[in-house]
Amino acid sequence: MRLLGTKMSADFPGGGSVVIENKAGASGNIGAEFVYRSEANGKTLLASPPGSIAINHHLYKKLNYDPTRWQPITVFATAPNVLVVGPTIPAKNVAELVAYLKANPGKVTYASQGNGSTSHLTARMFMQLTSTEMLHVPYKGTAPALFDLMAGNVDIFFDNLSSAIPFHQSGKLRILAVADRQRSKALPQVLTFAEQKLPSMQATTFFTLVAPPEASSATVDTIYKSVSQALSDTEIQNKFLEIGVQPKMLTPEQSSKFIRDESEKWQMVIKSANVSLD
């Protein structure tokens with residue numbers, strides 16, 4: 001969003017600027033509630049990955065906002081989750097990893113960005129599809145999980161492609177599979193799960209921009225046009241691709257359907273794995 005925000009500020013009709021304010025905490029719920037209760041005039045928006053948009057209401061018993069009432073502006077990018085292994089894992093592909101896990105049930109550890117994160121739920125999906133069992137080690141974010149993976153303190157991490165690429169390219173970690181329908185342009189030599197006989201293993205992190213519930217369609221359309229113009233810039237698109245993120249630019253209507261489909265998918269994983277948060 002910072003890349004888009006800079007471009008939008010330069011081209012904003014009538015002047016003005018886009019200010020990015022981090023409001024971290026509670027799996028995105030703190031920032032989400034702040035925007036949800038803001039005036040719906042288009043001046044305060046939420047840029048978020050899936051948690052506060054399509055997942056958290058299936059995880060938490062109570063939220064102070066209703067994710068089903070967001071006014072989607074656009075899904076502007078996606079990044080597939082990838083299976084990353086550290087130096088403790090000898091497997092060179094998915095089949096070898098599954099065999100290794102079945103030979104060592106419950107002994108292999110997997111990191112996540114935290115309980116209920118997409119990395120946690122992607123690992124749960126993988127275990128359901130392969131009838132394997134691993135031990136969950138939750139971290140507070142991506143960076144500490146990656147560092148412990150490199151150090152051999154944890155064995156596996158289902159990370160998003162953009163943050164895992166540098167470690168794979170440097171040889172410090174290995175990406176065994178991409179959880180998308182097709183290979184990533186940023187890492188074309190790595191096979192998808194589907195190419196390794198696990199076609200249902202689809203897990204993508206998406207990045208979306210939404211407005212508070214009472215935002216008008218005119219407000220949504222105006223902001224969509226501004227974001228769309230920024231993302232049409234070739235330099236912006238190339239910067240996205242360089243970090244392993246695929247530019248999307250779905251319309252508000254397409255974004256609504258995309259979010260509903262993602263929400264239903266993760267709800268099924270959460271129910272099957274019996275995951276819940278307070």
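Computed from a predicted model, the values in this text were never measured in an experiment.

Caption draft 1: Quick look at the environment of Arg181. Here Arg181 lies in the loop between strand E6 (174-178) and strand E7 (204-211). Accessibility expressed as a relative area gives 70% for Arg181, which makes it exposed. Arg181 sits 48 residues away from Gln229 along the chain, and the two C-alpha atoms are 27 Å apart. Discounting residues that sit within four places of it in the chain, Arg181 has contacts with Thr192 and Gln202.

Caption draft 2: A look at the packing of helix H3 (residues 51-59) against helix H10 (residues 252-273). Running from N to C, H3 and H10 point in directions that differ by 30°, and their axes come no closer than 9 Å. Considering their axes alone, H3 and H10 lie roughly parallel with respect to each other. Of the two elements, H3 crosses H10, and the hand of that crossing is right-handed. The segment H3 lies against H10, with Ile53, Ala54, Ile55, His57, His58 and Leu59 engaging Ile259, Glu262, Ser263, Trp266, Gln267 and Ile270. Residue classes in the contact of H3 with H10 are distributed as seven nonpolar, four polar and one charged.

Caption draft 3: Region of interest: the side chain of Ser117. Structurally, Ser117 is set in the loop between strand E3 (109-112) and helix H5 (118-130). Using a relative accessible area of 15% as the deciding quantity, one classes Ser117 as buried.

Caption draft 4: Geometry of the side chain of Asn81. Relative to the assigned elements, Asn81 resides in strand E2 (residues 71-85). A residue is classified by how much of its surface remains accessible, and Asn81, at 2% relative accessible area, is buried. When near neighbours in sequence (up to four residues on either side) are disregarded, Asn81 contacts Thr118, Thr122, Asp159, Asn160, Ala177, Val178, Ala179, Ala203, Thr204 and Thr205.

Caption draft 5: Expanded view of the pairing of E7. Among the eight residues that make up E7, seven are buried, leaving the element largely enclosed by the rest of the structure. For strand E1 (residues 46-48) and E7, the ladder comprises three bridges, and the chain directions are antiparallel. Across the sheet, the residue bridging to Leu46 is Val210, located in E7. Pairing analysis gives eight bridges linking E2 to E7, with the strands arranged antiparallel. Among the inter-strand pairings, Ala77 is bridged to a residue of E7, identified as Phe207.

Caption draft 6: Up close: the packing of aromatic side chains. Evaluation of the coordinates by the stated rule reveals six aromatic pairs. Centroid distance Tyr36 to Trp70: 5.5 Å. Interplanar angle 85°. Geometry classified as edge-to-face. With Tyr36 in helix H2 (residues 29-36) and Trp70 in the loop between H3 and E2, this pair connects stretches of sequence that are 34 residues apart. For Trp70, a relative accessible area of 5% gives the class buried. When the ring of Phe126 is compared with that of Phe193, the centres are 6.2 Å apart and the planes differ by 55°; the resulting orientation is tilted. Of the two residues, Phe126 is situated in helix H5 and Phe193 in the loop between E6 and E7; the sequence distance between them amounts to 67 residues. Three or more aromatic residues joined by ring pairs form one cluster here, namely Tyr36, Tyr65 and Trp70.

Cut-offs and rules
- Along each chain, residue indices are assigned from 1 in the same order as the chain's sequence is written.
- Restriction of local features to residues with pLDDT of at least 70 applies here, the model being predicted, together with a cutoff of 80 or more for giving and counting side-chain atom pairs; totals for whole chains, interfaces and linings are based on all residues.
- Side-chain numbers here rest on the full set of heavy atoms in the structure, without hydrogens or water.
- Secondary structure elements are taken from DSSP: a helix is a run of H or I of four residues or more, a strand is a run of E of two residues or more, and numbering for both begins at the N terminus.
- Each residue is placed in one exposure class: buried if its accessible area under a 1.4 Å probe, protein chains only, is under 20% of its type's maximum, exposed if it is over 50%, and partly exposed if it falls in between.
- Throughout, a contact is declared for two residues whenever any of their heavy atoms are within 4.5 Å.
- A fitted line through C-alpha atoms serves as each axis, taken over the contacting stretch for helices, and the angle formed by two N-to-C directions is quoted from 0 to 180°.
- Angular relationships are summarised with four words: roughly parallel below 35 degrees, roughly antiparallel beyond 145, roughly perpendicular across 65 to 115, and oblique for the angles in between.
- Should the near helix be turned anticlockwise from the far one by less than a right angle, the crossing is termed left-handed; should it be turned clockwise, right-handed.
- Note that Gly is not counted as nonpolar here; it falls among the polar residues with everything else outside the nonpolar set of Ala, Val, Leu, Ile, Met, Phe, Trp, Tyr, Cys and Pro and the charged set of Asp, Glu, Lys and Arg.
- Any two strands with at least two DSSP bridges between them are considered paired.
- For Phe, Tyr and Trp, where Trp contributes only its six-membered ring, two rings pair if their centres lie within 6.5 Å, and the inter-plane angle classes them as stacked under 30 degrees, edge-to-face over 60, or tilted in between.

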